[in-house]
Amino acid sequence: MFDYNLFDKINEKVYNDAVTLIEKEFPYYYKERELIDVDSTRIQVFSKDGKSVIKVFNDTNIGAVYINSEIDLSDYFS
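Below, the structure is looked at part by part. (Residues numbered from 1 in each chain as written. Predicted model: local features only at pLDDT ≥ 70, side-chain atom pairs only at ≥ 80, totals over all residues. Heavy atoms only, no water.)

### Details of the pairing of strand 5 (residues 51-59)
Logical step 1: Note that strand 4 (residues 42-48) and strand 5 share seven bridges and pair antiparallel. Directly across from R42, in strand 5, lies its bridge partner N58.
Logical step 2: Between the antiparallel neighbours strand 4 and strand 5 lie two residues, among them D49 with a positive phi of about 55°.
Logical step 3: In the sheet, strand 5 pairs with strand 6 (residues 64-69) via six bridges, with the strands oriented antiparallel. Following the sheet pairing, V56 is matched in strand 6 by I67.
Logical step 4: A loop of four residues connects strand 5 with strand 6, the two strands running antiparallel in sequence, and G63 in this loop sits at a positive phi of about 80°. (Pairing = 2+ DSSP bridges. Helix = DSSP H or I, 4+ residues; strand = E, 2+ residues; numbered from the N terminus.)

### Focus on the nonpolar core
Logical step 1: By size, the foremost hydrophobic cluster in this structure holds 15 residues, and its most contacted members are I22, F46, I54, V56, I67, L73 and F77.
Logical step 2: Those elements giving two or more residues to this core turn out to be helix 1 (12-25), strand 5 and strand 6.
Logical step 3: The leading source of residues in this core is helix 1, at four residues.
Logical step 4: Residues contacting I67, with those up to four places away along its chain left out, are F2, D3, Y4, L6, A18, I22, I54, K55, V56, L73 and F77.
Logical step 5: Counting residues in hydrophobic clusters, the runner-up holds five residues, among them I43, V45, F57 and Y66. (Core = buried A, V, L, I, M, F, W, Y, C linked by side-chain atoms within 4.5 Å. Buried < 20%, exposed > 50% of the residue type's maximum accessible area, 1.4 Å probe, protein only. Contact = heavy atoms within 4.5 Å.)

Spelled out as structure tokens, the structure:
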């Protein structure tokens with residue numbers, strides 16, 4: 001599992017930019033319907049072959065924008 005911390009506060013622009021970049025660079029991944037948690041956390045899941053591969057979070061509870069991924073995204077996020 002790979003983890004990428006993109007921003008240390010919730011930020012719609014950073015979240016949306018990350019989602020857009022993944023859509024562009026991984027067009028063969030399926031973009032699931034965005035999840036919005038009870039605390040307003042937004043989660044965008046990208047899957048391949050029915051398995052969740054990349055999850056982008058705009059997490060209001062933690063207060064950060066981050067990615068959990070089954071694949072290495074270090075060429076796109078550091």
